[in-house]
Amino acid sequence: QVQLVESGGGLVQTGGSLRLSCAASGRAFSTYTMGWFRQAPGKEREFVATVSWSGINTYYADSVKGRFTISRDNAKNTVYLQMNSLKPEDTAVYYCAASKLFSHTISSQSDFGSWGQGTQVTVSS
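Conventions and cut-offs
- Residues numbered from 1 in each chain as written.
- Predicted model: local features only at pLDDT ≥ 70, side-chain atom pairs only at ≥ 80, totals over all residues.
- Heavy atoms only, no water.
- Phe/Tyr/Trp six-rings, centres within 6.5 Å; stacked < 30°, edge-to-face > 60°.
- Lys NZ or Arg CZ within 6 Å of the ring centre and 35° of its normal.
- Helix = DSSP H or I, 4+ residues; strand = E, 2+ residues; numbered from the N terminus.
- Polar contact = N/O pair within 3.5 Å; in protein donor to acceptor, adjacent residues only side chain to side chain.
- Core = buried A, V, L, I, M, F, W, Y, C linked by side-chain atoms within 4.5 Å.
- Buried < 20%, exposed > 50% of the residue type's maximum accessible area, 1.4 Å probe, protein only.
- Contact = heavy atoms within 4.5 Å.

Participant: Provide a residue-level description of the packing of aromatic side chains, including the pertinent values.
Facilitator: For the coordinates displayed, the defined rule picks out five aromatic pairs. Cluster of aromatic residues (ring-pair linked, three or more members): F37, F47, Y59, F112 and W115. Between the NZ or CZ atom of R45 and the centre of the ring of Y95, over which it lies, the distance is 3.8 Å. Cation over ring: R72 sits above F29, and NZ or CZ is 4.6 Å from the ring centre.

Pasting the structure below:
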């Protein structure tokens, strides 16, 4: 198991940027596929992005493709989500998650066994 702690959320205006971080503790961080999900008020949690164990391969939801970038630094046990051109509809609690599955093209919550507590992102119009 890996323990995850997100940070970097906050309030930003439409068109602005934020970078979320997710620090992992525990064994073998570099062997996990890492992902970001989000949950807006009154809505179900949805997939945002994943990155492979190596950091080479990434996978995005259509709603964020071209605006968000997921990356990882295995030396620092950290995964990032760079969010640019933010829109009010990006407002949500963002969660970091870890999966033991090898594939990076996973997007179901059930594929991920470890979760962080979430960080709030609010985009004002």
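Back to the text.
Participant: Hey, could you go over the environment of S103 for me, with residue numbers and the actual values?
Facilitator: If you trace the backbone, S103 turns up in the loop between β9 (92-99) and β10 (114-115). Counting along the chain gives 46 residues from S103 to N57, while the straight-line C-alpha distance between them is 9.4 Å. At a separation of 2.9 Å, a polar atom in the side chain of S103 contacts the side chain of T105.

Participant: Which residues make up the nonpolar core, and what values do they have?
Facilitator: Within the largest apolar cluster, 35 residues are counted, with the highest numbers of intra-cluster contacts made by M34, W36, L81, M83 and Y94. Among the secondary structure elements, those contributing two or more residues to this core are β1 (2-7), β3 (18-26), β4 (33-39), β5 (46-51), β7 (68-73), β8 (78-83), β9 and β11 (119-124). Tallying contributions element by element places β9 first for this core, with five residues. When neighbours within four sequence positions are excluded, M34 is seen to be in contact with L4, F29, A49, T50, V51, I70, R72, V79, C96, A97, A98 and F112.

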